[in-house]
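For reference, the chains in residue letters:
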Amino acid sequence: MASKLSILALGVMFMFLVGSNAGGIAIYWGQNGNEGTLSKTCSTGNYAFVILAFLPIFGDGRNPMFNLAGHCDPYSNGCVTLSDDIKSCQAKGIKVILSIGGASGSYGPASSEDARQVAIYLWNNFLGGKSSSRPLGGAILDGIDFDIEGGSNQHYGELAKYLKAYSRKGKNVYLTAAPQCPFPDAWIGDALNTCMFDNVWVQFFNNPPCNYASGNVANLEDAWKQWTTLIPATKIFLGLPAAPQAAGSGFIPSNDLTSTILPMIKDSKKYGGVMLWSKYYDDITGYSSSIKSQV
């Protein structure tokens, strides 16, 4: 009996160790009206995080504006219809997060006080606060993603601290970020050192010096080690394009990812999974479905 129990205990321990490095897939949704609804995105069962892209206008006296491309018109308050979809996703255990910034837009806090005002706006309009003009209706998002790719690199650390402080109100405000893989990131490198961020999905694309090149993993591996050892985030994700046409460079064929890259990076205690840009391109290739069991 003792030997059988020992074998059982070892089996349970092995299952735990194997599962301890299991990750999830994060997907950006919102910048192509042909990528399907948010509800159907979450119903695939492929994603642990859905990132709504983007809020590309905010800070420095600008009137914040939400942009979900062809999905809905925020100018006519048309995006409030997404509230039920968001709640449906969350009921499945999926975190739904708003991404601020993006590759094009006009954004950034101009001062410490401005960072506080941006945090207040995000809290009241997308998170757990109250406003008469919530762009997504009554749904309460799980957090804010920093996809900062332009403008100034100032005051984002303060913005992160102000947002994280709202976690005391009964629900954790998840903070995530999507820096470029050259280390440190030019825009939010300083902010990432605040210890405020839960997940950081590093963009290992459009950056040849740290992209994967066919048969050559050295550049990616070196950058990955920098991010996982030097950034005080809870988890680090490998950010990839879901199709060759989704980015100028950095696409990794799914077979290469599962056979070579994932076994290498999953050794890190900070490994969190894979982030994909974007749902539209994932629909074209079926990338998430082909890698999910290995992530």
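For clarity, every value in this text was computed on a predicted model and none was experimentally measured. (Residues numbered from 1 in each chain as written. Predicted model: local features only at pLDDT ≥ 70, side-chain atom pairs only at ≥ 80, totals over all residues. Heavy atoms only, no water.)

1. Structural notes on the sheet that holds strand 2 (residues 49-55)
Next up, step 1: Around the barrel, which closes on itself, the eight strands sit in the order 1-2-4-6-7-8-9-10 with parallel pairing between neighbours. Ignoring which end each strand starts from, the neighbouring axes of this sheet average 25 degrees apart.
Next up, step 2: By the bridge criterion, four bridges tie strand 1 (residues 24-29) to strand 10 (residues 271-277) in an arrangement that is parallel. Within strand 10, the position partnered with Ile-27 by the bridge is Leu-276. (Pairing = 2+ DSSP bridges. Helix = DSSP H or I, 4+ residues; strand = E, 2+ residues; numbered from the N terminus. Axes fitted to C-alpha atoms, helices over the stretch in contact; angles between N-to-C directions.)

2. Things to note about the state of the cysteines
Next up, step 1: Going through the model one piece at a time under the given rule, you end up with three disulfides.
Next up, step 2: Note that Cys-181 is cross-linked by a disulfide to Cys-210, the S-S spacing being 1.9 Å. Looking down the S-S bond of the Cys-181 and Cys-210 bridge, the torsion is 80 degrees, so its handedness is right-handed. Of the two residues, Cys-181 sits in the loop between strand 7 (174-177) and strand 8 (199-203) while Cys-210 sits in the loop between strand 8 and helix 6 (218-230), which places them 29 residues apart along the sequence. (Disulfide = S-S within 2.5 Å.)

3. Focus: the environment of Leu-238
Next up, step 1: Along the chain, Leu-238 falls in strand 9 (residues 235-241).
Next up, step 2: A relative accessible area of 0% means that Leu-238 is categorised as buried.
Next up, step 3: For the pair Leu-238 and Trp-123, spaced 115 residues apart in the sequence, the C-alpha separation amounts to 28 Å. (Buried < 20%, exposed > 50% of the residue type's maximum accessible area, 1.4 Å probe, protein only.)

4. Here we look at the packing of helix 4 (residues 112-126) against helix 5 (residues 156-165)
Next up, step 1: At a closest axis distance of 8 Å, the pairing of helix 4 and helix 5 adopts a crossing angle of 40 degrees. With respect to helix 5, the element helix 4 is oriented oblique. Classified by chirality, the crossing of helix 5 by helix 4 is right-handed. The residues of helix 5 that touch helix 4, namely those facing Ser-112, Ala-115, Arg-116, Val-118, Ala-119 and Leu-122, are Glu-158, Leu-159, Tyr-162 and Leu-163.
Next up, step 2: Per-class residue counts for the contact of helix 4 with helix 5 are seven nonpolar, one polar and two charged. (Parallel < 35°, antiparallel > 145°, perpendicular 65-115°, else oblique. Left-handed = near helix turned anticlockwise from the far one by under 90°. Contact = heavy atoms within 4.5 Å. Nonpolar A, V, L, I, M, F, W, Y, C, P; charged D, E, K, R; others polar.)

5. Describing the environment of Lys-95
Next up, step 1: Tracing the backbone through its elements, the reader meets Lys-95 in strand 4 (residues 95-102).
Next up, step 2: Excluding residues that lie within four positions of it along the chain, Lys-95 makes contacts with Ala-48, Phe-49, Val-50, Asp-142 and Tyr-174.

6. Quick look at helix 5
Next up, step 1: Of the positions making up helix 5, those classed as buried are Tyr-156, Gly-157, Leu-159, Ala-160, Leu-163 and Lys-164. Down the axis of helix 5, the smallest arc covering the buried residues is 160 degrees, so these residues share one side.
Next up, step 2: Looking at the packing, one finds that the buried side of helix 5 touches strand 3 (57-58), strand 4, strand 5 (106-107), helix 4, strand 6 (143-148) and strand 7. (Arc of directions from axis to C-beta.)

7. With respect to the side chain of Thr-228
Next up, step 1: Mapping Thr-228 onto the fold places it in helix 6.
Next up, step 2: A relative accessible area of 10% means that Thr-228 is categorised as buried.
Next up, step 3: Of note is the side chain of Thr-228, whose polar atom sits 2.9 Å from the backbone oxygen of Trp-224.
Next up, step 4: A distance of 3.3 Å separates the side chain of Thr-228 from the backbone oxygen of Lys-225, its partner in a polar contact.
Next up, step 5: If we skip the residues at most four places from it in the chain, Thr-228 touches Ile-236, Ser-268 and Lys-270. (Polar contact = N/O pair within 3.5 Å; in protein donor to acceptor, adjacent residues only side chain to side chain.)

8. So, the nonpolar core
Next up, step 1: If you look at the biggest cluster of nonpolar residues, it comprises 77 residues, and the most contacted ones within it are Phe-146 and Phe-204.
Next up, step 2: Setting aside residues up to four positions removed in sequence, Phe-204 forms contacts with Cys-181, Cys-210, Asn-211, Leu-220, Ala-223, Trp-224, Trp-227, Leu-238, Gly-239, Leu-240 and Gly-250. (Core = buried A, V, L, I, M, F, W, Y, C linked by side-chain atoms within 4.5 Å.)

9. What about the pairing of strand 6?
Next up, step 1: In terms of burial, strand 6 is a largely internal element, six of the six residues being buried.
Next up, step 2: For strand 4 and strand 6, the ladder comprises six bridges, and the chain directions are parallel. Bridge pairing in strand 6 places Gly-102 opposite Ile-148.
Next up, step 3: Bridging between strand 6 and strand 7 involves four bridges; their strand directions are parallel. If you follow Gly-143 over to strand 7, its bridge partner there is Tyr-174.

10. Looking at the pairing of strand 10
Side-chain positions along a regular strand alternate between the two faces of the sheet.
Next up, step 1: Of all seven residues in strand 10, six are buried; the element is thus mostly enclosed.
Next up, step 2: In this sheet, strand 10 lies alongside strand 9 in parallel orientation, the contact comprising six bridges. Paired with Gly-239 across the two strands is Met-275, which belongs to strand 10.
Next up, step 3: Where the polypeptide runs from strand 9 across helix 7 (residues 254-265) and back to strand 10, its parallel neighbour, the crossover connection is right-handed. (Right-handed = clockwise from strand over helix to strand, strands pointing away.)

11. A closer look at the packing of aromatic side chains
Centre distance and the angle of the planes are the two values used to describe a pair of aromatic rings.
Next up, step 1: A complete count under the given rule lists 17 aromatic pairs for this structure.
Next up, step 2: A ring pair is formed by Phe-58 and Tyr-107, whose centres lie 5.5 Å apart and whose planes are at 15 degrees; its orientation type is stacked. Of this pair, Phe-58 sits in strand 3 while Tyr-107 sits in strand 5; the two residues are 49 residues apart in sequence, bridging distant segments of the chain.
Next up, step 3: When its relative accessible area of 1% is taken as the criterion, Phe-58 is described as buried.
Next up, step 4: Relative to Tyr-156, the ring of Phe-146 lies with its centre 6.2 Å away and its plane at 75 degrees, an arrangement referred to as edge-to-face. Remark: Tyr-156 occurs in helix 5 and Phe-146 occurs in strand 6; sequence separation between them is 10 residues.
Next up, step 5: A relative accessible area of 0% places Phe-146 in the buried class. (Phe/Tyr/Trp six-rings, centres within 6.5 Å; stacked < 30°, edge-to-face > 60°.)

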